[in-house]
Amino acid sequence: MSAIPLIDIPFDKRHSCWFCGEPSYQHFEYIQHAHTPHPSLAVPACSECLRLAKQHTLSSIWDCRMAVKDALMRIYAKHLAIGINWTEEELAESEFSCKVFEGFKKSAWMMYLIARDRINAPGWPLALEGEEIDDQGYNAGFEFDGVTFNSVHAAIQYYSTQFTLDPQFFAELVRLVGRVRFNYALRLARIHIAAAKEMKRQVLQDVEADLTL
Ligand SMILES: [Zn+2]
């Protein structure tokens, strides 16, 4: 048994992934670190979101959720493009034969609808035993250096491209020091730009040790 408490789940969502609304049979456990703005908690997740969430812990469960959505968007870009290429009316007015159209509706259009709904799925507010958890603005965008990003994940991607940083290492640093010290994480990532894997691991360990002092 896990000691990490499961969030409250509305009755009508009791089999839904908190990230994407698909049927869920697993839990994603978010462990609280020194700068995490919420306690350790577990949320229901489908197997795909669980895998993605583990790769993008970031600085809070909300940041993690946005990164999962970004990842889903990348994975299902082709499915989502179907909806960009076609509107429902346009499809109805198209001159496709019944067979072609039925085939499309059964497969491609369905895949578009599923992908769209997963990305739009709003989840539900987090609460533990009836006590709502304040998102402290973490659910909104992330502002740094006068620029507003959709999420801290988007900011990490942006600066990683800008400075050719290792995005995973940078994200790990942000997870450890918290998004409030994003600048510090960015500086650390920049001075270790050419560091070997082993060195990066050492840096992460040192940062973590510093925090627990
Ligand atoms: Zn999911």
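As the structure is a prediction and not an experimental result, all values here were calculated from the model.

Asks: Sorry if this is basic, but what is going on with the overall build of the chain here?
Replies: Across its full length, the chain carries nine helices and six strands. Overall size of the chain, expressed as C-alpha extent along the three principal axes, is 70 × 45 × 30 Å. Here the chain, with 213 residues, has 42% of them falling under the buried criterion. Put simply, of all contacts in the chain between residues at least 6 apart along the chain, 63% involve residues at least 24 apart. Counting only carbon and sulfur atoms, one obtains 54% of the accessible surface of the chain, whose full area is about 12400 Å².

Asks: Would you mind going over the coordination of the zinc ion with me for this structure?
Replies: Put simply, a metal with four donors set out as a tetrahedron has ideal angles of 109.5 degrees, and one with six donors set out as an octahedron has ideal angles of 90 or 180 degrees. The zinc ion binds to the protein through Cys 17 (SG), Cys 20 (SG), Cys 46 (SG) and Cys 49 (SG); the donor distances cover 2.3 Å. In this structure, the zinc ion is coordinated by four donor atoms arranged in tetrahedral fashion, with angles at the metal of 101 to 117°. When the donors of the zinc ion are listed by position in the chain, the intervening gaps give C-x2-C-x25-C-x2-C. Separated by 32 residues along the polypeptide, Cys 17 in the segment before β1 (26-30) and Cys 49 in helix α1 (residues 47-55) bring together distant segments of the chain. For the residue pair Cys 17 and Cys 49, the accessibility class agrees, reading buried in each case.

Asks: Would you mind going over the nonpolar core with me for this structure?
Replies: In summary, soluble globular proteins display a tendency toward joint burial of nonpolar side chains. Formed by 29 residues in total, the largest nonpolar core has its most connected members in Trp 18, Phe 19, Phe 28, Leu 41, Val 43, Ile 61 and Leu 126. Only β1, β2 (41-45), α1, α2 (61-75) and α5 (98-120) provide two or more residues apiece to this core. Top contributing element to this core by residue count: α2, with six residues. Beyond its immediate sequence surroundings of up to four residues, Ile 61 is in contact with Trp 18, Phe 19, Phe 28, Tyr 30, His 38, Leu 41, Val 43 and Leu 126. Among the nonpolar cores identified, the runner-up in size contains 25 residues, and Phe 144, Tyr 159, Val 177 and Leu 188 belong to it.

Asks: Got a minute to help me understand the environment of Phe 19 in this structure?
Replies: With respect to the helices, strands and loops of the structure, Phe 19 is situated in the segment before β1. Its relative accessible area of 0% is what places Phe 19 among the buried residues. A C-alpha to C-alpha distance of 12 Å links Phe 19 and Ala 42, two positions 23 residues apart in sequence.

Asks: Sorry if this is basic, but what is going on with a negative patch on the surface here?
Replies: Negative charge collects at one region of the surface, where Glu 88, Glu 89, Glu 90 and Glu 93 lie side by side. Mapped onto the secondary structure, Glu 93 falls in helix α4 (residues 88-93).

Basis of the calculations
- Residues numbered from 1 in each chain as written.
- Predicted model: local features only at pLDDT ≥ 70, side-chain atom pairs only at ≥ 80, totals over all residues.
- Heavy atoms only, no water.
- Helix = DSSP H or I, 4+ residues; strand = E, 2+ residues; numbered from the N terminus.
- Buried < 20%, exposed > 50% of the residue type's maximum accessible area, 1.4 Å probe, protein only.
- Contact = heavy atoms within 4.5 Å.
- Areas by Shrake-Rupley, 256 points an atom, 1.4 Å probe, with all protein chains shown as cover.
- Donors = N, O, S within 2.8 Å, 3.2 Å for Na, K, Ca; no water.
- Tetrahedral: all angles 85-135°; square planar, octahedral: opposite > 155°, others 65-115°.
- Core = buried A, V, L, I, M, F, W, Y, C linked by side-chain atoms within 4.5 Å.
- Patch = residues over 30% accessible without salt bridge, like charges linked within 9 Å, V, L, I, M, F, W, Y side chains within 5 Å.
- Salt bridge = Lys/Arg side-chain N within 4 Å of Asp/Glu carboxyl O.
- Lys, Arg positive; Asp, Glu negative; His and termini not counted.
- Charge placed at Lys NZ, Arg CZ, Asp CG, Glu CD.

Everything listed here is a matter of geometry and, on its own, says nothing about what the molecule does.
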